Amino acid sequence: MRMLCASTLIGEFFVIGFAGLVAMKSDDLSMATVWTVCGIGMLLSVLLCGVITRPGGVQLGWGLQILLVLSGFFVPMMFILGLLFGALWWASVHYGRRIDEAKARWAAQAEAQESTEAPAQG
């Protein structure tokens with residue numbers, strides 16, 4: 001799960017940065033405000049890569065997805081990109097957990113097979 005979720009979060013890092021470039025053109029927002037908010041979002045997306053497997057990591061990721069959609073009020077295209085990344089986040093969590101479960105099953109089967117073969121050799 002970690003690899004899929006981290007890939008999604010790194011993609012969001014770049015999208016947030018590009019959204020900041022678009023938001024700079026707005027007369028309603030100062031450059032300091034845009035880059036403070038975008039910088040926090042970008043930093044959060046990178047930091048989440050490291051804590052995704054810890055308790056609450058996935059929930060924090062969902063929070064970032066919600067903020068990404070809400071950023072559409074400032075950069076309208078972010079409504080679409082936020083929803084796309086929300087779907088990617090869901091897929092990363094859902095299929096990542098399935099992959100982790102399959103890996104655990106395969107490891108248990110390999111371990112069981114090794115333990116049954118080991119006494120016959122010794």
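As shown above, the structure is provided for reference.
What comes next is a walk through the structure. (Residues numbered from 1 in each chain as written. Predicted model: local features only at pLDDT ≥ 70, side-chain atom pairs only at ≥ 80, totals over all residues. Heavy atoms only, no water.)

**Looking at the overall build of the protein chain**
- Scanning the protein chain from terminus to terminus reveals four helices and zero strands.
- Of the regular secondary structure in the protein chain, the N- to C-terminal order runs α-α-α-α.
- A globule of 122 residues ought to have a C-alpha radius of gyration of about 14 Å, yet the protein chain, at 20 Å, is considerably larger.
- Projected onto its principal axes, the C-alpha coordinates of the protein chain cover approximately 75 × 20 × 20 Å.
- The proportion of buried residues among the 122 residues of the protein chain is 30%.
- Taking all contacts inside the protein chain whose residues are at least 6 apart in sequence as the whole, residues at least 24 apart take part in 65%.
- Total accessible area on the protein chain is roughly 8000 Å²; 70% of this is exposed by carbon and sulfur atoms.
- Computed over 7 positive and 8 negative side-chain charges, the separation of the two mean positions in the protein chain equals 1 Å. (Helix = DSSP H or I, 4+ residues; strand = E, 2+ residues; numbered from the N terminus. Rg over C-alpha atoms; globule rule 2.2 N^0.38 Å. Buried < 20%, exposed > 50% of the residue type's maximum accessible area, 1.4 Å probe, protein only. Contact = heavy atoms within 4.5 Å. Areas by Shrake-Rupley, 256 points an atom, 1.4 Å probe, with all protein chains shown as cover. Lys, Arg positive; Asp, Glu negative; His and termini not counted. Charge placed at Lys NZ, Arg CZ, Asp CG, Glu CD.)

**Things to note about helix α1 (residues 2-23)**
- Here α1 spans 31 Å end to end across 22 residues, near enough to the 32 Å set by a 1.5 Å rise per residue.
- Those residues of α1 that fall on the buried side of the exposure criterion are Cys 5, Ala 6, Thr 8, Leu 9, Glu 12, Val 15, Ile 16, Gly 17, Ala 19, Gly 20 and Ala 23. (Expected span 1.5 Å × (residues − 1).)

**Describing the packing of aromatic side chains**
- Inspection of the entire model under this criterion finds three aromatic pairs.
- For the pair Phe 13 and Phe 14, a centre-to-centre distance of 5.2 Å together with 90° between the ring planes defines the contact as edge-to-face.
- Take Phe 13: its relative accessible area is 23%, and that puts it in the partly exposed class.
- Its relative accessible area of 46% is what places Phe 14 among the partly exposed residues. (Phe/Tyr/Trp six-rings, centres within 6.5 Å; stacked < 30°, edge-to-face > 60°.)

**A short note on the packing of helix α2 (residues 31-51) against helix α3 (residues 57-70)**
- Where α2 meets α3, the axes come as close as 10 Å, and the angle between the chain directions of the two elements is 160°. With respect to α3, the element α2 is oriented roughly antiparallel. Where α2 crosses over α3, the handedness of that crossing is left-handed. Only Gly 57, Leu 60, Gly 61 and Leu 64 of α3 make contact with α2, whose side of the interface consists of Gly 41, Leu 44, Ser 45, Leu 48 and Val 51.
- A breakdown of the residues in the contact of α2 with α3 according to their chemical character gives five nonpolar, four polar and no charged. (Axes fitted to C-alpha atoms, helices over the stretch in contact; angles between N-to-C directions. Parallel < 35°, antiparallel > 145°, perpendicular 65-115°, else oblique. Left-handed = near helix turned anticlockwise from the far one by under 90°. Nonpolar A, V, L, I, M, F, W, Y, C, P; charged D, E, K, R; others polar.)

**Some remarks on the packing of α1 against α3**
- For the pair α1 and α3, the least separation of the axes is 12 Å and the interaxial angle reads 25°. When the axes of α1 and α3 are compared, the pair comes out roughly parallel. For the crossing formed where α1 meets α3, the hand is left-handed. Side by side, α1 and α3 meet where Leu 9, Glu 12 and Ile 16 of the first sit next to Leu 64, Gln 65 and Leu 68 of the second.
- Partitioned by chemical class, the residues of the contact of α1 with α3 number four nonpolar, one polar and one charged.

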